[in-house]
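# A closer look at the structure
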Amino acid sequence: MTGQIPPYLLVDILRNLNTKELLKTQSVSKTFHEELTTRALLRRILFTLPPTLSPAEEVPGLSITYDLHPVFRLSEYIPGPTPLCSRVLLRDSGWPVSRYPVCLAFACAPACTKVEVELCGAVLVVEGAEGVSVFGVLEGLDALMNERHANGRLCWDSVQFPFAGFRTPLLPSTSGGGSSPRLIPEFHNLPEITRQLSHGKTATSSLITFEDQISPPASLPSPIPHPPPPPPPPSSSST
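Residues numbered from 1 in each chain as written. Predicted model: local features only at pLDDT ≥ 70, side-chain atom pairs only at ≥ 80, totals over all residues. Heavy atoms only, no water.

If you check an unreviewed UniProt entry, the protein appears there as F-box domain-containing protein from Choiromyces venosus 120613-1.

The structure is reproduced here in structure tokens:
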């Protein structure tokens, strides 16, 4: 049946599917598999298109928008001393992400050889000569989590605030120098969702970052000045 569909029309059909749907489509037929592994447009949707020369390196000031792999939003990251491959699980199946080829897909599209991960005032650069993969970013996140925790800059309750993925607040980039995307991890605010439900409201996704929760160090003065003390009450004695 697929042989009766013109190639250009087949690409137009497939380009309307999301990443998860395209992954399932690869096993439908040899024709679908060939199209999904050779067409640059479809490979970009699948996050399998290798890095190319960034347009920002050719045209200064040109804006680049990066799409993050959707598997980040579908994964559960669990802290601990065991190997990372056993601590990143798909929420719907509970299986480690490392068991699937998706962990080797590129973390963003267009693919990059350098990605920055920011957490609690620190930035870790993840690099890959062939392109930064999904698991490469997760390894960077895990290393940064451990470093921030060891330095006392991070105290994370993974039950109350489970990992929810990444956001890219500094994108699109307009620096004109081919700057790499910067990812900031987000977390579900389960206490806030519980509060909304307890008040009879419809629970919405309350996403936060640790940057939202950081307070000034104890050794620094508060940025909000304290009000002056009230004046003493007038004396009741008469003169």
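## Some points on the environment of Leu68
Within the secondary structure, Leu68 sits in strand S1 (residues 67-68). Taking the relative accessible area as the measure of exposure, Leu68 reaches 21% and is therefore partly exposed. Placed 41 residues apart in sequence, Leu68 and Ala109 show a C-alpha to C-alpha distance of 6.6 Å. Not counting the four nearest positions on each side in its chain, Leu68 is found in contact with Phe47, Ala107, Cys108, Phe166, Thr168 and Leu183. (Helix = DSSP H or I, 4+ residues; strand = E, 2+ residues; numbered from the N terminus. Buried < 20%, exposed > 50% of the residue type's maximum accessible area, 1.4 Å probe, protein only. Contact = heavy atoms within 4.5 Å.)

## Topic: the pattern of salt bridges
Scanning all chains against the criterion turns up 10 salt bridges. Of the charged contacts, one joins Glu35 and Arg39 as a salt bridge, the two residues approaching to 2.7 Å between their closest N and O atoms. Here Glu186 and Arg73 are joined by a salt bridge, their closest N and O atoms 2.7 Å apart. With Glu186 in strand S8 (residues 182-188) and Arg73 in the loop between S1 and strand S2 (75-77), the pair connects residues that are 113 residues apart, well separated along the chain. Here Glu186 falls in the buried class, since its relative accessible area comes to 8%. (Salt bridge = Lys/Arg side-chain N within 4 Å of Asp/Glu carboxyl O.)

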